[in-house]
Amino acid sequence: MAATAKKWKPGDCVIFIIACILALAFFFPMFFSLISAFKTNGEILKNPIGLPQKINFANFVYLWNKTSIPRATLNSALLTIVSCLLIILFVPMSSYVIERRGGKFSSFFYPFFLAGMMIPFQAYMIPLFKELRVIGLFGTMAAPVIIYISGASSFGTLLYCSFIRGVPKEIEESAAIDGSSPFMTFWQIVFPLLKPCTASMLILQGVGIWNDFLMPMMVMPPNQPKTINVEIFSFIGEFQVRYDVLFCGTFVAIAPVILMFIFLQKYFVSGIMAGSVKS
Amino acid sequence: MAIKQQSLSRRVPVWMALPSITLFSLFVILPAFLSIYFSLTSWDGLSPVMKFIGLQYYIDIAHDSRFWNAFRNSILLAVVLAVVENIVALALALLLDKVIKAKTLFRSIFYLPNLLSGIVTGYIWVALMNYSFGIFNVLLTHIGMTPVDWLGNPKIALWSIVFVMVWKGAGYYMIIYIAGLNSIPQDILEAADIDGVRPVRKFFSIIVPMLVGSFTINFTLSLINGLKVFDQIVAMTSGGPGFATETLTYQIYTVAFSDGRQGYGTAVAMTLFLLTLVISIVETKLTRRFEVEA
């Protein structure tokens, strides 16, 4: 804000204009998809760049009445919320043990969890699906939740351990002297101090789960609507040339994520930063 | 002090870590190890028996031109993506460093595509790169040039995908570079200005060496993300035209789930895993070397 007081030099103007042009170029594809949700298919084909002649909610009505998007959106929301809650229940606790216990336990389990970040999902999905079949979880809503928690513990351990390192041990010591059990000390004293970390974790994992495609398509209950991204995928083929319906679907997929981003921006940035420290 | 620390570490019970350890072991580590076994069997994904065939699939893979094509596509895509993405991300970071107004807004706009799913990104660009009504060809015909078949021409399709991935990913790496730039002590830059060091010299002698850490992280991350690309390919080309954009990830998927050759698919998956492993090891080695220098 101090910058507003400064005088603009000619160089500053040039840089500002370049930034504006680039920003417009970067934003254009999103703008295109968002406005297309309010256009008719004819309008999209004839005038792909222009604004809709009138704001038209027909696509949304169609989406609501004729497609599996409402149910799929609900599924996506449910999966995201339940997985995130369980991630926040399990991962900080295990990170706390890894960070505070020290010794052989930590020197084994810290790299153990981090190793997961190197393994691409495609490299182990085939045995994983077989395993889920054997224990009877394949084709249930529980399967993706379990996979999300397991997958999140790698990055989560990295993120939480680095934050817990910064919490002074003295607080926990005095809580213990007051007779608090380690479990209660963690949830009542340490966990509240990790709020920024938890916010970053929730946001990054939440967006990742909401946007996921391959795994939910494979493991969710067959012959019923799956997640929003899977249903958008199945549009193609079903509605070969219905770009209006397609972009209405992508609008529903994009809007919640952008809203979250607008309100919680700083946690996105701090999450990226924490994740880049050691990867 | 030492006694105190020990008492705290004794008090934190292991059971608090058990839910995570159990899930992670069962659903990441175990299947990762099972992959090795699966790749040695001729399993079709359905039958109850898994016939052990040893290294047969690895021998087959070595002679399979479809595999080598996917291998080449994956490496090409990952390497070119990592190079271009880092150049764009660094350029954006340097630009924003100089912008004196609305910095946060610009940063958000460049980062925004990162929030889209691969599927959504893919379909947006399928429309933008459409042969007849896509904006690229509309502009090209407007200035009197012949339209290009961005996703249908086997020579161009892979680069179209790289282009889209740069659009989607550059903002993420930009944020890491911005943090790297911010961590350069301001007094060094000011001292250089006072000494009359020219901007180009300042860039290569001060800024670049100070960004080596951010660069190694970004380059590794973008390489690995390049190897993992799947959703965009499903949405944009389905590996086509022909096999022009078939990567290892896409091949694993089609071979295992469309053709029912899960053993073979797992063997291909093992090569993908080895690739990412090699990249991670090289990265750790390089980082150590630079840390010693710094």
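Residues numbered from 1 in each chain as written. Chains lettered and ligands numbered in written order. Predicted model: local features only at pLDDT ≥ 70, side-chain atom pairs only at ≥ 80, totals over all residues.

(A) Just the overall build of chain A, in detail. A tally of regular secondary structure across chain A gives 13 helices and zero strands. C-alpha atoms of chain A, sized along the principal axes, occupy 70 × 65 × 35 Å. Expressed as a percentage of the 279 residues in chain A, the buried residues total 44%. Once local pairs closer than 6 in sequence are excluded, the contacts in chain A between residues at least 24 apart make up 75%. (Helix = DSSP H or I, 4+ residues; strand = E, 2+ residues; numbered from the N terminus. Buried ≥ 20, exposed ≤ 12 C-beta atoms within 10 Å, placed from the backbone. Contact = placed C-beta atoms within 7 Å.)

(B) Quick peek at the overall build of chain B. Secondary structure summary: chain B contains 14 helices and zero strands in total. Looking at chain B residue by residue over its 294 residues, the buried ones come to 44%. Taking the intrachain contacts of chain B between residues at least 6 apart in sequence as the baseline, contacts between residues at least 24 apart amount to 70%.

(C) Summary view of the interface of chain B and chain A. The partner chain A presents 75 residues to the 72 residues of chain B that form the contact. Considering every element that reaches the side of chain B that touches chain A, the biggest residue donor is helix α2 (residues 18–38) of chain B, with 12 residues. In terms of residue class, the side of chain B that touches chain A is built from 52 nonpolar, 14 polar and six charged. (Nonpolar A, V, L, I, M, F, W, Y, C, P; charged D, E, K, R; others polar.)

(D) Focus on α2(B). Residues and elements named next belong to chain B. With 21 residues, α2 extends 28 Å from end C-alpha to end C-alpha; this agrees with the ideal 30 Å at 1.5 Å per step. The principal kink in α2, of about 40°, is found at serine 25. Of all the residues in α2, the buried ones are Ser20, Ile21, Leu23, Phe24, Phe27, Val28, Pro31, Ala32, Ser35 and Phe38. (Expected span 1.5 Å × (residues − 1). Bend = angle between axes of the 7 residues up to and from the residue.)

(E) Up close: the domain arrangement of chain A. All names here are of chain A. Once the domains are mapped, chain A shows domain 1 (2–60) and domain 2 (65–277). For domain 1 versus domain 2, the separation of C-alpha centres amounts to 32 Å. The interface is formed by 10 residues belonging to domain 1 together with nine residues belonging to domain 2. Mapped by element, the contributors of at least two residues to the side of domain 1 that touches domain 2 are α1 (10–36), α2 (41–46) and α3 (58–66). Tallying contributions element by element places α1 first for the side of domain 1 that touches domain 2, with three residues. (Domains from an automatic or database assignment.)

(F) Structural view of the confidence of the model for chain B. Mean pLDDT over chain B stands at 86; residues scoring 70 or higher make up 95%. Per the prediction output, this complex has pTM 0.88; the corresponding ipTM is 0.87. (pLDDT = per-residue confidence, 0-100.)

(G) Summary view of the packing of α1(A) against helix α6 (residues 118–128) of chain B. Where α1(A) contacts α6(B), the two axes come as close as 10 Å, and the packing angle between them is 90°. The angle between α1(A) and α6(B) falls in the class roughly perpendicular. Where α1(A) abuts α6(B), its residues A:Pro29, A:Phe32 and A:Ser33 lie against B:Ile124, B:Trp125 and B:Leu128. Of the residues belonging to the contact of α1(A) with α6(B), the class tally is five nonpolar, one polar and no charged. (Axes fitted to C-alpha atoms, helices over the stretch in contact; angles between N-to-C directions. Parallel < 35°, antiparallel > 145°, perpendicular 65-115°, else oblique.)

(H) Main features of unusual backbone geometry. Positive phi values are uncommon outside glycine, yet A:Asn223 reaches one of about 60°. As for its placement among the helices and strands, A:Asn223 is situated in the loop between α11 (214–219) and α12 (228–238). Despite not being glycine, B:Ala102 shows a phi value in the positive range, around 55°. Within the secondary structure layout, B:Ala102 lies in the loop between α4 (65–98) and α5 (103–111).

(I) Geometry of the environment of A:Gln53. Mapped onto the secondary structure, A:Gln53 falls in the loop between α2 and α3. Each C-alpha atom, one on A:Gln53 and one on A:Lys39, is 7.7 Å from the other, the two residues being 14 residues apart in sequence.

(J) Geometry of the nonpolar core. Ranked by internal contacts, the top residues of the largest apolar core, which has 158 residues, are B:Tyr123, B:Ile161, B:Met174, B:Tyr177, B:Val268 and B:Leu272. Setting aside anything within four residues of it in sequence, one finds B:Met174 in contact with B:Ala89, B:Leu92, B:Ala93 and B:Phe110. (Core = buried A, V, L, I, M, F, W, Y, C linked by C-beta atoms within 7 Å.)

(K) Structural detail: the environment of A:Glu131. All names here are of chain A. By the element assignment, glutamate 131 lies in helix α6 (residues 121–134). Glutamate 131 gets classed as partly exposed once you count the C-beta atoms within 10 Å, which come to 17. In this structure the C-alpha to C-alpha distance between glutamate 131 and threonine 80, which are 51 residues apart in sequence, comes to 23 Å.

(L) Region of interest: the environment of A:Tyr160. Residue and element names in this part refer to chain A. For tyrosine 160, the position within the fold is in helix α7 (residues 142–164). Assessed through the 26 C-beta atoms surrounding it within 10 Å, tyrosine 160 is described here as buried. Measuring from C-alpha to C-alpha, the distance between tyrosine 160 and methionine 201 comes to 8.7 Å, with 41 residues separating the pair along the chain. Sequence-distant contacts of tyrosine 160, that is, excluding residues within four places in its chain, are made with Val91, Pro92, Ser95, Leu194 and Cys197.

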